[in-house]
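Structural features, examined
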Amino acid sequence: DLSFSLRQGIIYAWSRPKEWFNMVRAGVKSYASEDVALAMDRQFFERPLHKPMQEAGLDYVDRWGSISQQEEMVMSHWAEKTPGVKQSNRAYIVQGNKIRADGSDADVMGWLPAEIRQQVEDGIKTFANLDELIAATGKTRQDFERLAEWHNILSGRGEIGKWLQANNVWLNAVLYAPRFAVSRIEVSVFALRNFAQNPALRKIVAKDMASYVAGTVAALVAVDQIPGVSVEWNPLSSDFAKIRVGR
């Protein structure tokens, strides 16, 4: 399923286009090849920042793990027996794992001093745990935990509590994609709270949200110029920002 890029991953399209395009390319290739998907998994775990960011709470979806931890679009082992579904699920999960890893890694690299950042880029330096990364950046454990949380919710992995998460298969059957729905609310709440209270994340969340809003408005303005297509710009209307085709 390549819809991840325009649904869960849409905010990255405007704020982090390089990472977004790399994610889309990985998804397309993974759809076509199990070997590519396995290579993407290896890259995830071989990243210099993998261990500390895993410790900070960055989500990784294991395609062979518990079904309750899977992406909400792919919560069915039986469905994978249908031709094309297995490939679709594979692409979907690969995209989510890649954008969370690439996005968070880019932010952490921005926190590292130039000399250490170059060593990481050259493959000379790795970090065995979060304490080492904290010492290298001067940031706090909470800063890294919130950064991981930010990328989890940006990519549609909303926090719904441990009990609901463990029973997400049934919850997903009643309320379609509850973690994704919750994440869209959490994005705004998280951005406002951390912009005001967390200097380490202030620039990151401001850039992501400003880029997303600006990109969305630009796209709507462009669509509004198409003959026969209109966009509702009245913020008091229930159809605000909706696209209408025809009369």
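As a reminder, the structure under discussion sits directly above these lines.
Heads up: these notes are all about the structure in this document. (Residues numbered from 1 in each chain as written. Predicted model: local features only at pLDDT ≥ 70, side-chain atom pairs only at ≥ 80, totals over all residues. Heavy atoms only, no water.)

**Details of the overall build of the chain**
To be explicit about the condition: Under the DSSP-based scheme used, a helix requires at least four consecutive residues in state H or I and a strand at least two consecutive residues in state E, with every element numbered from the N terminus. The classification of residues rests on relative accessible area computed with a 1.4 Å probe and restricted to protein chains. Under 20% of the type maximum is buried, over 50% is exposed, and intermediate values are partly exposed. Any two residues whose heavy atoms approach within 4.5 Å at even a single point are treated as in contact. Here, Shrake-Rupley sampling with a 1.4 Å probe gives the accessible areas, and only protein chains in the shown set may cover a residue.
For the chain, the count of helices and strands is 12 helices and 2 strands. When the elements of the chain are put in sequence order from the N terminus, they spell out α-α-α-α-α-α-α-α-α-α-α-α-β-β. For the chain, the residues scored as buried account for 42% of the 247 residues in total. Here the contacts in the chain between residues at least 6 apart in sequence split such that 64% fall between residues at least 24 apart. Carbon and sulfur atoms make up 59% of the accessible area of the chain, which totals about 13100 Å².

**Re the side chain of T137**
What counts is decided by this rule: Pairing of N or O atoms within 3.5 Å defines a polar contact, subject to two protein rules: one partner must be a possible hydrogen donor and the other a possible acceptor, and residues neighboring in sequence count only if both atoms are side-chain atoms.
Its location among the elements puts T137 in helix α7 (residues 130–137). Among the polar contacts listed, one links the side chain of T137 to the backbone oxygen of L133, at a separation of 2.9 Å. Setting aside its immediate chain neighbours within four residues, T137 contacts W111, L112 and F144.

**Thoughts on the packing of helix α2 (residues 17–32) against helix α3 (residues 34–46)**
Under the convention used in this document: All axes here are fitted lines through C-alpha atoms, helices being fitted over the stretch that makes contact, and every angle between N-to-C directions spans 0 to 180 degrees. Convention used here: angles under 35 degrees read as roughly parallel, angles over 145 as roughly antiparallel, angles from 65 to 115 as roughly perpendicular, and any remaining angle as oblique. Charged residues are taken to be Asp, Glu, Lys and Arg, nonpolar residues to be Ala, Val, Leu, Ile, Met, Phe, Trp, Tyr, Cys and Pro, and polar residues to be all remaining types, Gly included.
At a minimum axis distance of 5 Å, the contact between α2 and α3 shows a crossing angle of 135 degrees. Comparing the axis directions of α2 and α3 gives the class oblique. The residues of α3 that touch α2, namely those facing A26, K29, S30 and A32, are E34, V36, A37 and M40. Along the lines of polarity and charge, the residues of the contact of α2 with α3 split into 5 nonpolar, 1 polar and 2 charged.

**Side note on helix α12 (residues 199–224)**
To keep things clear, this is the line we draw: Given the number of residues in a helix, its expected span is that number minus one, multiplied by 1.5 Å.
With 26 residues, α12 should cover 38 Å at 1.5 Å per step; its first-to-last C-alpha distance of 38 Å lies within 8% of that length. Of the residues making up α12, those classed as buried are A200, L201, I204, V205, D208, M209, G215 and L220. Looking at the packing, one finds that the buried side of α12 touches α1 (10–15), α5 (85–111), α8 (141–154), α11 (178–197), β1 (229–231) and β2 (243–245). Two to three positions downstream of the cap, the backbone nitrogen of A200 sits 3.0 Å from a side-chain oxygen, assigning the N-cap of α12 to N198.

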